[in-house]
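Summary of structural features
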Amino acid sequence: MSRRQKKDWSARQLFRNGLLDQNPIFGQLLGMCSALAVSTSVINGFTMGLCVTFVLTLSNLFISLLRRFILPQIRIAAYIVIVAGFVTVVDLLLKAYFPSLAASLGLFIPLIVVNCVILARAESFASKQPVAPSLLDGVSMGLGYTVAMVVISSVRELLGSGSFCGIRILGDWFSPAMLLISPVGGFLVLGGLMAGVSWLKNKRKKKE
Amino acid sequence: MGNLLLLSLGAVLVENFVFVKFLGICPFLGVSQKLNTAVGMGLAVTFTMTISSALTWLLHRFVLVPLELEYLNTVAFILLIASLVQLIEMVLQKFLPSLYASLGIYLPLITTNCAVLGVALLNVQNGYDFVESMVYGFSAGIGFLLAIVLLSLVRERLIFSRIPKPFQGFPSALIAGGLLALAFSGFQGLQLA
Amino acid sequence: MKKQQNSLLLALRLTAVVAVTTLLLAVVNAVTAPVIAERVRREGMQAREALIPGSAALLSSPELSEAEAKTVGDIYRITRDDAVQGYCVDISVNGFGGTISMIVAVSVDRNILGVKILSHSETPGIGSKAVEEDGALLAALKDIPVRGVHSVEGISGATVSSKAILSGVLTATQVVERLEQERGGA
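Residues numbered from 1 in each chain as written. Chains lettered and ligands numbered in written order. Predicted model: local features only at pLDDT ≥ 70, side-chain atom pairs only at ≥ 80, totals over all residues. Heavy atoms only, no water.

A word on the overall build of chain B
As a reminder, the rule being used: Elements are defined by DSSP. Helices are runs of H or I of four residues or more, strands are runs of E of two residues or more, and each kind is numbered from the N terminus. Computation of the radius of gyration draws on C-alpha atoms, with the globule rule given as 2.2 Å multiplied by the number of residues to the power 0.38. The cut-offs for exposure are 20% and 50% of the maximum accessible area for each residue type, with area from a 1.4 Å probe on protein chains only; residues under the lower value are buried, those over the upper are exposed, and the others partly exposed. By definition in these notes, contact holds between two residues if any of their heavy atoms fall within 4.5 Å. Residue exposure ignores everything except the shown protein chains as possible cover, and the areas themselves are Shrake-Rupley values with a 1.4 Å probe. Positive charges come from Lys and Arg alone, negative charges from Asp and Glu alone, with His and the N- and C-terminal ends not counted. Where a charge sits is defined by one atom per residue type, namely NZ (Lys), CZ (Arg), CG (Asp) or CD (Glu).
When its secondary structure is counted, chain B shows 8 helices and 0 strands. The helix and strand sequence of chain B, counted from the amino end, reads α-α-α-α-α-α-α-α. On C-alpha atoms alone, chain B measures out to a radius of gyration of 17 Å, which is about the 16 Å that the 2.2 N^0.38 rule sets for 193 residues. C-alpha atoms of chain B, sized along the principal axes, occupy 60 × 45 × 30 Å. Put simply, chain B has 193 residues, and 52% of those count as buried. Expressed as a percentage of contacts within chain B between residues at least 6 apart in sequence, the contacts between residues at least 24 apart total 76%. Entry remark: accessible area of chain B is about 8,700 Å², with carbon and sulfur atoms responsible for 71%. The average position of the 8 basic charges and that of the 7 acidic charges among the side chains of chain B differ by 22 Å.

In structure tokens, the structure reads:
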């Protein structure tokens, strides 16, 4: 009886969910701070995406493993400790082996702890689902976040610096719109992209 | 004294936490539809940031540094902030139930406000002393309050405009936020030190 | 009685989670901390060697004013063939995106030999122009007399970053001036 109440997620469903339907940035509107701050270059955005995926996957995994051990009354504190732990691991590893990336991402690495995506998935998914779907959910949400970050960063870096991943693509004839890399540009680009996503969603709805 | 004033002005205007540092964006966008919720959230966040700045500084200076446990910064700070917010919740529920009811779910969400943890970490990164940390925390909160109130004023009027369907809701809030950020970038030239 | 037992059980479970997490972090820290320390040491050494070749001696507890203590880190006196060549001063300033870590090399005849940026969080494409190795700002800070710092212009669009670097360089020159006078140099 309880089996039928719980929805069984297939891998395909999970990936579609994380990448499209409930995309952390464009669908759920979570993790905005980093989306605006770190998306000034594709390398930064991509690295941030990988870090979030790493933390999200591991925290989903362990919270799912411990879902019967962590009783509801202490769950928020427990989730925070687990997520903060993995974030610190990422922080230390980056500082040791990729110091320049650690410096450019700066404050936003430890701030992954309060990235709402991770706590939201812990609360709504990993604490209720078995290990395998939770793991896949973490990976797919992380991937959705990474893809969104790369899209935003690509627009900002390409039109704002004329480069992609640090390599100058648009020639001298192109005067980069430096505004796009500034904080102002972050707001405008994200707003524009969200409007675009909303428009695409409406188009799909009309078709159905 | 003058030094503190410069620090304070810097945090509110030149390096506004929302428009320049991108901290506190989620509540900035999520709670700015109406003026009174924006004010309530802004004040609650300022209060939390001031106290958490003080407490995290003390924790860092007297526990983490002597024991050489600085790598536990993030974990310790966020736990402290979560507990502080819980405490504030309980106190409000008991003594100011109307405020507690109007803030609703947004109160526990202060824990996940990047600005609160962000300012605690920045205090450590910038090497501020106890008074400077509290002033910085308070001013950063005021900056957040200013930002969220300004956006709510714009959004309250925005609902009367005819906005193309894809831009309705969040995208229009982001664009409005961007224009506010543009206005604030004028403060960059302010010679403070 | 049952409620007390329940609370205790909750507290114990939470403590267990905290304990395991702390243990994991202690292990990772034990592995990474020496790596980080070694890399910082090596980077510093290479940077100093490139700025002023010679043997570097770390000055123990140099006198610094309260304001200077906030930006100045380690100071190395560089000697070659028994003659003091100059100083390498570790400086950290607040740039736009975060802390800018650099080494400022000042020679005994009051010339700025160069500035090496060790780490920064400046926005790529905007503030990063000020910290570029072969950028206009750092090039302008190579082999110039100390008093020439005041006429170095910042990079347009990267005002905050440029100002931060220039103020850091000025602080370094002030410290070196005082150290040289103490030492009895000309």
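Things to note about the overall build of chain C
If you tally the helices and strands in chain C, you get 5 helices and 6 strands. Ordering the α and β elements of chain C from the N terminus gives α-β-α-β-β-β-β-α-α-β-α. For chain C, the C-alpha radius of gyration of 22 Å lies well beyond 16 Å, the compact-globule estimate for 186 residues. When the backbone C-alpha atoms are referred to their principal axes, chain C occupies close to 80 × 40 × 30 Å. Of the contacts formed within chain C by residues at least 6 apart in sequence, a portion of 51% connects residues at least 24 apart. When the accessible area of chain C is evaluated, it comes to approximately 9,800 Å², of which 56% is carbon and sulfur surface. Positive and negative side-chain charges in chain C, numbering 18 and 20 respectively, have mean positions lying 11 Å apart.

Section: the nonpolar core
The nonpolar side chains of a soluble globular protein tend to be buried, and buried together. Note the threshold: We define a nonpolar core as any set of buried Ala, Val, Leu, Ile, Met, Phe, Trp, Tyr and Cys residues linked to one another through side-chain atoms lying within 4.5 Å.
Formed by 119 residues in total, the largest nonpolar core has its most connected members in Ile25(A), Met48(A) and Phe28(B). Per element, the largest residue contribution to this core is 13 residues, and it comes from helix 5 (residues 75–97) of chain A. Contacts of Ile25(A), omitting those with residues within four sequence positions, involve Leu30(A), Met32(A), Ala35(A), Tyr145(A), Ala148(A), Met149(A), Ile152(A), Leu190(A) and Met194(A). Judged by nonpolar contacts, the second largest core, of 32 residues, contains Val72(C), Ile75(C), Val106(C) and Val169(C).

Points about the confidence of the model for chain B
Using the following cut-off: What pLDDT conveys is the predictor's confidence in a given residue, as a value from 0 to 100.
For chain B, per-residue confidence averages 88 on the pLDDT scale, and 97% of positions sit at 70 or higher. The weakest mean pLDDT in chain B belongs to helix 5 (residues 97–103) of chain B at 81; the strongest belongs to helix 7 (residues 130–158) of chain B at 93.

Brief notes about a positive patch on the surface
Note the following rule: For patch detection, residues must exceed 30% relative accessible area and be free of salt bridges, and they are connected within 9 Å for like charges or within 5 Å for nonpolar side chains (Val, Leu, Ile, Met, Phe, Trp, Tyr). By definition, a salt bridge exists where a carboxyl oxygen of Asp or Glu is found within 4 Å of a side-chain nitrogen of Lys or Arg.
Judged by side-chain charge, Lys201(A), Lys203(A), Arg204(A), Lys205(A), Lys206(A), Lys207(A) and Lys165(B) come together as a positively charged surface patch. Considering the arrangement of structural elements, one finds Lys206(A) in helix 9 (residues 183–207). Judged by its relative accessible area of 74%, Lys206(A) is exposed.

Some remarks on the interface of chain C and chain B
One frequent convention defines the size of an interface as the accessible area lost when the parts assemble. The test is simple: Put simply, buried area is the surface a 1.4 Å probe can reach on two separate parts but cannot reach once they are joined, added for both. Under this definition, polar contacts are N or O atom pairs within 3.5 Å; protein pairs additionally need one hydrogen-donor-capable and one acceptor-capable atom, and for neighbouring residues in sequence, both atoms have to be side-chain atoms.
Residue-level contacts link 12 residues of chain C with 11 residues of chain B. The largest contributions to the chain C side of the interface with chain B come from Leu25(C), Lys70(C) and Phe96(C), which together make up 41% of the buried area. On the surface where chain C and chain B come into contact, there are 1 salt bridge. For Lys70(C), the salt bridge goes to Glu132(B), with nearest N and O atoms at 3.2 Å. Across the chain C-chain B interface, the total number found is 1 residue pair in polar contact (both at pLDDT 80 or more).

Here's the deal with the interface of chain B and chain A
Contacts between chain B and chain A engage 36 residues on the former and 34 residues on the latter. Across the interface of chain B and chain A, roughly 2,900 Å² is buried in total on both sides, 86% from carbon and sulfur atoms. The largest per-residue losses of area from chain B upon contact with chain A belong to Phe22(B), Pro166(B) and Leu174(B), which jointly make up 22% of the total buried on that side. Summed over the shared surface of chain B and chain A, the result is 0 salt bridges.

Concerning the packing of helix 4 (residues 42–65) of chain A against helix 8 (residues 131–161) of chain A
All names here are of chain A. This is how it is decided: Angles here are taken between N-to-C directions and fall from 0 to 180 degrees, while the axes themselves are lines fitted to C-alpha atoms, restricted in helices to the stretch in contact. Note on terminology: angles under 35 degrees are roughly parallel, angles over 145 are roughly antiparallel, angles of 65 to 115 are roughly perpendicular, and the others are oblique. In this scheme, a crossing is called left-handed if the near helix is turned counterclockwise away from the far one by less than a right angle; it is called right-handed if the turn is clockwise. The classification used treats Ala, Val, Leu, Ile, Met, Phe, Trp, Tyr, Cys and Pro as nonpolar, Asp, Glu, Lys and Arg as charged, and all other residues, Gly among them, as polar.
One can describe the packing of helix 4 onto helix 8 by two numbers: an axis separation of 8 Å at closest approach and a directional angle of 165 degrees. By the angle class used here, helix 4 and helix 8 are roughly antiparallel. Relative to helix 8, helix 4 is oriented so that their crossing is right-handed. Of the residues in the contact of helix 4 with helix 8, the class split is 16 nonpolar, 12 polar and 2 charged.

Observations concerning the pattern of salt bridges
Residue and element names in this part refer to chain A. Counting across every chain of the model gives 11 salt bridges over all chains. Across the pair Asp137 and Arg121 runs a salt bridge whose closest N-O atoms are separated by 2.9 Å. One end of the pair, Asp137, is in helix 8; the other, Arg121, is in helix 7 (residues 116–126), and 16 residues separate them in sequence. Judged by its relative accessible area of 5%, Arg121 is buried.

A closer look at the side chain of Ser153(A)
All names here are of chain A. Following the sequence through the fold, Ser153 ends up in helix 8. Side-chain polar atoms of Ser153 contact the backbone oxygen of Met149, separated by 2.6 Å. If we ignore the near neighbours within four places in the chain, the residues touching Ser153 are Ser39, Ser41, Val42, Gly45 and Leu158.

A short note on the sheet that holds strand 2 (residues 72–80) of chain C
All names here are of chain C. The cut-off we apply is this: Between any two strands, pairing holds if DSSP finds at least two bridges.
Taken together, 6 strands build an open sheet; the order of strands is 1-2-3-4-5-6 and the sheet is antiparallel. Each edge of the open sheet is held by one strand with a lone partner, namely strand 1 (55–58) and strand 6 (144–145). Across 2 bridges, strand 5 (residues 111–119) lies against strand 6 in antiparallel orientation. Residue pairing across strands places Ile112 opposite Ile144, the latter belonging to strand 6. Relative to the sheet, helix 5 (residues 159–183) contacts strand 2, strand 3 (83–94), strand 4 (99–107) and strand 5, its axis offset from that of strand 3 by approximately 145 degrees.

With respect to the packing of aromatic side chains
Operational definition: Aromatic rings from Phe, Tyr and Trp, with only the six-membered ring used for Trp, were paired whenever their centres fell within 6.5 Å, and each pair was classed as stacked if the ring planes differed by under 30 degrees, edge-to-face if by over 60, and tilted otherwise. Remark: a charge is flagged as sitting over a ring if the NZ atom of Lys or the CZ atom of Arg is within 6 Å of the ring centre and within 35 degrees of the ring normal.
Inspection of every chain in the model, using the stated rule, returns 11 aromatic pairs over all chains. Plain terms: the ring middles of Phe19(B) and Phe184(B) are 4.7 Å apart, the flat faces sit at 40 degrees to each other, and that makes the pair tilted. Of this pair, Phe19(B) sits in the loop between helix 1 (2–14) and helix 2 (25–30) while Phe184(B) sits in helix 8 (residues 170–184); the two residues are 165 residues apart in sequence, bridging distant segments of the chain. Just as Phe19(B) is buried, Phe184(B) falls in that class too. The lysine or arginine in question, Arg48(C), covers the ring of Tyr76(C), its NZ or CZ lying 3.6 Å from the ring centre.

What to know about a nonpolar patch on the surface
Residue and element names in this part refer to chain B. On the surface, Leu87, Met90, Val91, Phe95, Leu96 and Leu99 cluster together into a nonpolar patch covering about 590 Å² of accessible area. Here the element with the most residues in the nonpolar patch is helix 4 (residues 73–95); it accounts for 4 residues. As for its placement among the helices and strands, Met90 is situated in helix 4. Of the residues examined, Met90 reaches a relative accessible area of 53% and is grouped as exposed.

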